[in-house]
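Commentary on secondary and tertiary structure
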Amino acid sequence: MFLTLKWGFSQDAISNSYTKRVLETAEIDLLFSYYDQDGDNAAVTGGEGTEELTDATSSIVVKIPLNPDDVLTVDVGISAYSSASTSNIDPFDKNSSIASPFNASSGASQSDALVHFNPSYQHSSKDRNSVYSVQGYVSSEYDYFSIGFGGGYTRLFNEKNTEISASFQVFLDSWNPQYPIEFRPGFSSQDASGSGTYISSFSAFEDETRNSYSLSLGFAQILTKRMQASIFMDIVSQQGLLSTPHQRVYFGDVNDFFIEDFQLGDNVEQLPDTRFKIPIGARLNYYLNDRVILRSYYRYYSDDWGINAHTTSLEIPIKLSDKFTLYPNYRYYSQTAADYFYEKEAATSNLPFYTSDYDLSAYNAHQYGAGIRYKDIFTSAKVLTFGLKTIDLRFGKYDRNDGLNAYIFSLGTTFVGD
Amino acid sequence: MVLAVFSTSCVAVKEFDKVYLNDEEMMLSAKASERFETNFQIYREAASGANGGKSGGGCGCN
């Protein structure tokens, strides 16, 4: 297909004595972020318990021009997190304070690291009106492995005033389920307090794979000398184990059992093995004047689990000088609940599907943030043979009306080769 | 229909008139520096996609 498309559009090529390279020299992006969240609705402990989590991520992205038309990009990174809620997959370690959904445990699931490797290759036609891309993706963490691939095609026409694009992505993922400790062989509930005998509804998932297929379509148009817009849509289908195997659920129609202050789970969440999502988004950017630009975004999302969501954001880059740009931003998000969401003890044991994951509940969220960018087009500061082109520093504060709050710092630097 | 309106109602802007449109801040996609914010939003929110980011893969389970 790649060869067919390439042949088909090669006849449009305009013969120029000089064609600007797609990427002049090699670029290296060094990226870092620190994320911190807290809340009281942990899904691991059935919708009630600490959601305290910190995550530090670093990535390096290398872009290499192979020739005037082709660019190879390699993106590798590692994300290390520490989570109080996942530590309570096993809350009964002997080294911590009394077992409780609001206390972190010191077990093995307290922390993990995700590593990713994401190579991509992009080819542009000589007239720069066609762009082809292919990409791969591999990521791994202790209980989850993901491998994916994709490709895309972009076509510009109308004197590069109009752009259409289509791309696809496939992810073939697999779980290594870490079930809550009370559901594992060998666990003794003889110390549990409660009425009767503790018997859970748990049985292990048979299918431990999760496949995701997505098709993305985009359309972008220059509207005036100062304004341009785009519309884009994804069609996403997921199949397989869409439940998270370590997220407990407590039923309202069975007796409760406790060890110390920790309630033993009645089951793990049960969600359908298919999900179909359609997000549709739009951007509108306006160059107000030489100091101020308006960047706006809206997205409507719908899926067949009953969730509808709206996202809108506005960023206003303000050019303070030739080198410094300040960009305050605001984002609003709201969603309805999944059909299968129940608060703790609200689900009953006869239901086919249930979850107490508050990420699938109805809520709204506000995110306030700001960033500052330093840009030196002359790359006068050098590290070895690379010149410093940009430094981006961003901060965001995220507040959900169910009590979850978070903040994130991110830092990005771009170096270019001589 | 939206596409038709967009593509027929606008006068084509010539390359030499695109100085404002070519400003880096006018880019019609999420910025590279937003990737980490997009990543945590994908984890914490049910909705994802339609922002040029990854629309699958990864468990989003912590």
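One structure accompanies this document, and this report is about it. (Residues numbered from 1 in each chain as written. Chains lettered and ligands numbered in written order. Predicted model: local features only at pLDDT ≥ 70, side-chain atom pairs only at ≥ 80, totals over all residues. Heavy atoms only, no water.)

1. Focus on the overall build of chain A
From N to C terminus, chain A includes 2 helices and 24 strands. Reported as C-alpha extents along the three principal axes, the dimensions of chain A are approximately 85 × 45 × 40 Å. Split into buried and exposed, the 418 residues of chain A put 49% on the buried side. In chain A, 64% of the contacts between residues at least 6 apart in sequence involve partners at least 24 apart. Side chains of chain A give 31 positive and 51 negative charges; the mean places of these two sets differ by 16 Å. (Helix = DSSP H or I, 4+ residues; strand = E, 2+ residues; numbered from the N terminus. Buried < 20%, exposed > 50% of the residue type's maximum accessible area, 1.4 Å probe, protein only. Contact = heavy atoms within 4.5 Å. Lys, Arg positive; Asp, Glu negative; His and termini not counted. Charge placed at Lys NZ, Arg CZ, Asp CG, Glu CD.)

2. A closer look at the interface of chain B and chain A
Taken together, the contacts link 48 residues of chain B with 86 residues of chain A. In terms of surface lost to chain A, no three residues of chain B exceed B:L28, B:F36 and B:R44, which account for 13% of the buried area on that side. The interface formed by chain B and chain A holds 10 salt bridges in total. Residue A:R331 is joined to B:E45 by a salt bridge in which the shortest nitrogen-to-oxygen separation is 2.9 Å. (Buried area = accessible area lost by both parts, 1.4 Å probe. Salt bridge = Lys/Arg side-chain N within 4 Å of Asp/Glu carboxyl O.)

3. Some details on the sheet that holds strand β8 (residues 193-194) of chain A
Residue and element names in this part refer to chain A. Strand order in the open sheet made by the 3 strands is β8-β12-β13, with antiparallel pairing throughout. Of all the strands in the sheet, the pair left with one neighbour each is β8 and β13 (262-263). Summarising the sheet, strand β12 (residues 257-259) and β13 pair through 2 bridges and their orientation is antiparallel. Paired with F258 across the bridge in β13 is Q263. (Pairing = 2+ DSSP bridges.)

4. Considering the side chain of A:S334
Tracing the chain through its elements places A:S334 in strand β20 (residues 329-335). Sequence-distant contacts of A:S334, that is, excluding residues within four places in its chain, are made with A:N308, A:A309, A:H310, A:Y363 and A:N364.

5. Details of the nonpolar core
With 24 residues, the main nonpolar core has A:Y35, A:W305, A:I307, A:Y333, A:L360 and A:Y398 as its most contacted residues. If you list the elements that add at least two residues to this core, you get β1 (27-38), β2 (53-65), β21 (363-375) and β24 (405-417) of chain A together with α2 (35-44) of chain B. With near-sequence residues (within four places) excluded, A:L360 lies in contact with A:L271, A:R275, A:W305, A:I307, A:Q335, A:A337, A:A338, A:F341, A:T355 and B:A46. The next biggest cluster of nonpolar side chains, apart from the first, holds 18 residues, and it includes A:F92, A:Y179, A:Y250 and A:F262. (Core = buried A, V, L, I, M, F, W, Y, C linked by side-chain atoms within 4.5 Å.)

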